[in-house]
Amino acid sequence: MDFLSDTLVLSRMQFAFTAIFHMLWPVLTTGMAIYLVIVEGLWLKTKNPTYYYHARFWAKLYVLNFGIGVASGSPMAFQFGTNWAPFSESVGDFFGSVLGFEATMAFMLEAGFLGIMLFGWERVPPVIHYIATILVAVGANLSTFWILIANSWMQTPAGGEFIEGKFIVSNYFGAMANPFMIKSVSHMFLATLETSLFVIGGISAWYLINKRHTEFFSKSLKIVLVVAIAITPLQIFVGHLSAEQVYHYQPTKLAAMEAQWETIPAGETGDWSLLAFPNEKTESNNWEIKIPNALGYILEFKPRLSAPVLGLKEFAPIDRPKMVGLIYYAFRLMSGIAFILVGVVIASVIQWLRGKLSSENISQQKLLLLSWIWSAPLGYLAVESGWIVRCVGRQPWTVYGQIRTADAVSNLPASNVLTSLSIFLIIYTLLFFSALFFGSRIIKKGPNFDLPIPGEELPVTLNPAQHIPDSRPVN
């Protein structure tokens with residue numbers, strides 16, 4: 001229990017916990033916002049009221065996630081000033097402004113038009129409402145854009161230099177367009193959309209397997225499936241590109257991801273470790289299952305490596321990431337889930353082509369529907385695993401190669417950090433179970449088909465007047 005008296009360890013635990021919890025909510029809102037744009041656009045184009053009711057139903061889950069995301073995300077920014085003050089002082093000229101853009105440009109845009117999206121159905125024209133929905137989606141995804149710019153810069157700092165411990169910006173746009181930025185933003189954008197698609201698909205499958213609103217939710221499952229046909233394989237390809245950039249820019253992270261202790265020289269083939277048990281004390285793997293000559297194909301689509309894959313032994317222990325086993329299996333969990341989701345999509349397409357996904361017989365496809373239900377939480381696991389690889393694999397650096405994590409932490413009493421961590425644990429646990437409670441209520445209740453459709457006049461029932469005799473006394 002020595003970690004309870006270590007400010008660095010406790011501060012890292014606090015940031016990791018708040019980040020992992022917070023990530024659950026914007027992952028869904030950013031992707032679901034795009035889905036809302038799709039179904040509302042279909043309603044405007046086709047005038048089919050089913051799409052309108054889809055927009056109203058899924059918007060309830062959207063706003064629930066938005067609220068929890070705001071509540072859980074706000075403390076994260078404060079931690080840069082409380083727990084990581086030396087880091088903030090060193091890189092604040094760039095890093096702080098990027099986080100400021102996220103708050104003022106992205107969050108304010110999303111929050112500003114959210115009220116119109118939720119409550120403006122009968123108060124503004126349909127086209128204006130649709131613009132508000134689009135702007136909410138733009139704001140939600142702008143948050144992802146700015147956060148990934150900030151984190152990518154921490155992975156591959158660019159656009160300036162460190163002078164006496166302080167980052168001096170010489171090219172602001174060069175710092176934004178750091179080597180990790182484009183692929184990281186793309187990878188995360190696809191991850192949020194893919195996760196949202198499988199959550200919507202999983203909830204739809206739950207209704208279908210219980211034979212509730214079959215025609216309604218078969219439509220949402222098919223919309224999800226059409227988008228997922230493109231997104232799931234594209235995510236695997238972009239994920240490969242992200243791993244490739246780690247290969248070129250962060251050799252210690254790649255070595256940890258592959259539990260590679262010995263260096264593989266350029267021009268040679270390398271075995272790929274499928275499963276292993278890394279042992280940091282002995283600097284080896286206790287056991288390992290390898291696929292011969294596969295590493296080159298995975299990294300470069302060719303058998304021989306064009307650049308060496310440096311082993312962990314090439315670096316001093318102080319310069320290596322710790323918890324190699326966690327990084328190794330988090331990467332494999334993320335990658336495995338990506339292929340599982342592709343498999344679910346392929347199976348669904350086959351059944352669709354066979355005519356098995358019509359509203360009349362889709363409820364009979366129990367195994368397929370169960371696969372969608374089971375897949376609903378997998379996107380979250382993949383996203384969280386990816387961020388573990390991204391951030392734990394960057395250690396021992398906060399800014400890769402420039403600022404060590406041990407030098408970035410504030411000089412605080414460990415008891416203070418333990419107290420704040422305990423408070424976060426309690427509050428976030430309450431938020432989590434509250435979200436589950438209200439989310440389950442929304443799902444159990446289902447869509448409300450009694451909502452008036454904007455632009456349609458309600459039928460007016462006219463009852464003929466009845467003559468009532470005058471009963472007043474005659475004077």
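Residues numbered from 1 in each chain as written. Predicted model: local features only at pLDDT ≥ 70, side-chain atom pairs only at ≥ 80, totals over all residues. Heavy atoms only, no water.

Colleague: Which parts of the structure should I look at to understand the overall build of the protein chain?
Modeller: Helices and strands together make up the secondary structure of the protein chain, namely 14 helices and six strands. When the backbone C-alpha atoms are referred to their principal axes, the protein chain occupies close to 110 × 55 × 45 Å. Here the contacts in the protein chain between residues at least 6 apart in sequence split such that 79% fall between residues at least 24 apart. One finds the centroid of the 31 positive side-chain charges in the protein chain at a distance of 10 Å from the centroid of its 30 negative side-chain charges. (Helix = DSSP H or I, 4+ residues; strand = E, 2+ residues; numbered from the N terminus. Contact = heavy atoms within 4.5 Å. Lys, Arg positive; Asp, Glu negative; His and termini not counted. Charge placed at Lys NZ, Arg CZ, Asp CG, Glu CD.)

Colleague: What am I meant to see in a nonpolar patch on the surface here?
Modeller: A cluster of nonpolar side chains, Leu274, Leu275, Phe277, Trp287, Ile289, Ile291 and Tyr329, forms an exposed patch at the surface whose accessible area comes to about 600 Å². Going through the elements one at a time, β3 (272-279) and β4 (284-291) are the ones with two or more residues in the nonpolar patch. Judged by its relative accessible area of 45%, Phe277 falls in the partly exposed class. (Patch = residues over 30% accessible without salt bridge, like charges linked within 9 Å, V, L, I, M, F, W, Y side chains within 5 Å. Areas by Shrake-Rupley, 256 points an atom, 1.4 Å probe, with all protein chains shown as cover. Salt bridge = Lys/Arg side-chain N within 4 Å of Asp/Glu carboxyl O. Buried < 20%, exposed > 50% of the residue type's maximum accessible area, 1.4 Å probe, protein only.)

Colleague: I tried to follow the packing of aromatic side chains on my own but got confused; where do I start?
Modeller: Evaluated as defined, the whole model comprises 37 aromatic pairs. Ring centres 5.1 Å apart and planes at 80° place the aromatic pair Trp206 and Tyr207 in the edge-to-face group. Taking the relative accessible area as the measure of exposure, Trp206 reaches 30% and is therefore partly exposed. Plain terms: the ring middles of Phe432 and Phe433 are 5.6 Å apart, the flat faces sit at 80° to each other, and that makes the pair edge-to-face. Exposure remark for Phe433: the relative accessible area of 52% places this residue in the exposed category. If you follow Arg332 out to its NZ or CZ, it ends over the ring of Tyr328, 3.7 Å from the centre. Between Arg390 and the ring centre of Trp387, over which it is positioned, the NZ or CZ distance is 5.6 Å. (Phe/Tyr/Trp six-rings, centres within 6.5 Å; stacked < 30°, edge-to-face > 60°. Lys NZ or Arg CZ within 6 Å of the ring centre and 35° of its normal.)

Colleague: Please explain the pairing of β3 as it appears in this structure.
Modeller: Regular strands place their side chains on alternate faces of the sheet. In this structure, β3 lies alongside β4, joined through six bridges in antiparallel fashion. Bridging across to β4, Ala276 finds its partner in Glu288. In textbook terms, the turn of a hairpin is the stretch between consecutive antiparallel strands, and for β3 and β4 this stretch comprises four residues, one of which, Glu283, has a positive phi near 55°. (Pairing = 2+ DSSP bridges.)

Colleague: Please explain the pattern of salt bridges as it appears in this structure.
Modeller: Pairs can form between side chains of opposite charge once their charged atoms are near each other. Under the defined criterion, the tally for this structure stands at seven salt bridges. For Asp93, the salt bridge goes to Lys166, with nearest N and O atoms at 3.9 Å. In this pair, Asp93 is assigned in helix α3 (residues 85-119) and Lys166 in strand β2 (residues 166-169), connecting sequence segments 73 residues apart. Take Lys166: its relative accessible area is 31%, and that puts it in the partly exposed class.

Colleague: Quick question: what am I supposed to make of the packing of helix α2 (residues 49-82) against α3 here?
Modeller: Axes are the key here: two packed helices are described by the angle between their axes and the distance separating the axes. Two elements in contact, α2 and α3, have axes whose closest approach is 12 Å; the angle formed by their N-to-C orientations is 160°. Comparing their axes, α3 and α2 come out roughly antiparallel. As α2 runs across α3, the sense of the crossing is left-handed. Taking contact as the criterion, the partners of Ala59, Tyr62, Val63, Phe66, Val70, Phe80 and Gly81 in α2 are, on α3, Ala85, Phe87, Ser88, Phe95, Leu99, Phe107, Glu110, Ala111, Leu114, Met117 and Leu118. For the contact of α2 with α3, a count of residues per class yields 15 nonpolar, two polar and one charged. (Axes fitted to C-alpha atoms, helices over the stretch in contact; angles between N-to-C directions. Parallel < 35°, antiparallel > 145°, perpendicular 65-115°, else oblique. Left-handed = near helix turned anticlockwise from the far one by under 90°. Nonpolar A, V, L, I, M, F, W, Y, C, P; charged D, E, K, R; others polar.)

Colleague: Help me understand the nonpolar core, please; the structure alone is not making it clear to me.
Modeller: Generally speaking, soluble globular proteins have nonpolar side chains that are buried together. Counting 114 residues, the largest nonpolar core has Trp58, Tyr62, Phe87 and Trp372 as the members making the most contacts within it. When residues in this core are grouped by element, the largest group, 14 residues, is from helix α6 (residues 181-209). In this view, Phe87 contacts Phe80, Gly92, Phe95, Met154, Thr398, Val399 and Ala408; residues no more than four positions away in its chain are not counted. Core analysis: the second largest hydrophobic core is formed by seven residues, Trp25, Ile68, Phe424 and Leu431 among them. (Core = buried A, V, L, I, M, F, W, Y, C linked by side-chain atoms within 4.5 Å.)

Colleague: Just to check I follow, could you spell out unusual backbone geometry for this structure?
Modeller: With the exception of glycine, the majority of residues adopt a negative phi angle, and the majority of peptide bonds are in the trans configuration. In this structure, the amide linkage connecting Gln395 to the following residue, Pro396, adopts the cis form with an omega of 10°. Tracing the backbone through its elements, the reader meets Pro396 in the loop between α12 (378-392) and β5 (397-399). Its identity is not glycine, yet Glu283 carries a phi of approximately 55°, on the positive side. Locating Glu283 in the fold gives a position in the loop between β3 and β4. Residue Glu283 is classed as partly exposed on the basis of its relative accessible area, which comes to 24%. Positioned with a positive phi, Met323 is a non-glycine residue whose angle comes to about 55°. Its place among the elements puts Met323 in the loop between α9 (295-300) and α10 (324-353).

Colleague: It is not clear to me how helix α14 (residues 414-445) should be interpreted in this structure. Could you clarify?
Modeller: For an α-helix, 3.6 residues make a turn, and residues three or four places apart therefore share a direction. If you check α14, its first and last C-alpha atoms are 46 Å apart, about what 32 residues at 1.5 Å a residue would give, namely 46 Å. Residues of α14 that are buried in the fold lie against α1 (7-46), α2 and α6. The first or second residue beyond α14 is Gly446, which carries a positive phi of 80°. (Expected span 1.5 Å × (residues − 1).)

Colleague: What is the right way to look at the packing of α1 against α2 in this model?
Modeller: At their nearest, the axes of α1 and α2 sit 7 Å apart, and the two run at 155° to each other. Considered as vectors, α1 and α2 are oriented roughly antiparallel to each other. For the pair α1 and α2, the crossing hand works out as left-handed. Looking at the contact of α1 with α2, its residues break down into 25 nonpolar, eleven polar and no charged.

Colleague: What am I meant to see in helix α7 (residues 214-249) here?
Modeller: Between its terminal C-alpha atoms α7 stretches 50 Å, which fits the 52 Å expected from 36 residues at 1.5 Å a residue. Of all bends in α7, the biggest is about 40°, found at Ala228. (Bend = angle between axes of the 7 residues up to and from the residue.)

Colleague: Can you walk me through the environment of Val127 in this structure?
Modeller: Tracing the backbone through its elements, the reader meets Val127 in helix α4 (residues 126-155). As a C-alpha pair, Val127 and Phe15 span 112 residues in sequence and 42 Å in three-dimensional space.

Colleague: Would you mind going over the confidence of the model for the protein chain with me for this structure?
Modeller: Close reading of the predicted structure is inappropriate where its pLDDT is low. On average, residues of the protein chain score 89 in pLDDT, and 95% of them are at 70 or above. By mean pLDDT, α9 is the weakest element of the protein chain at 84, and α12 is the strongest at 94. (pLDDT = per-residue confidence, 0-100.)

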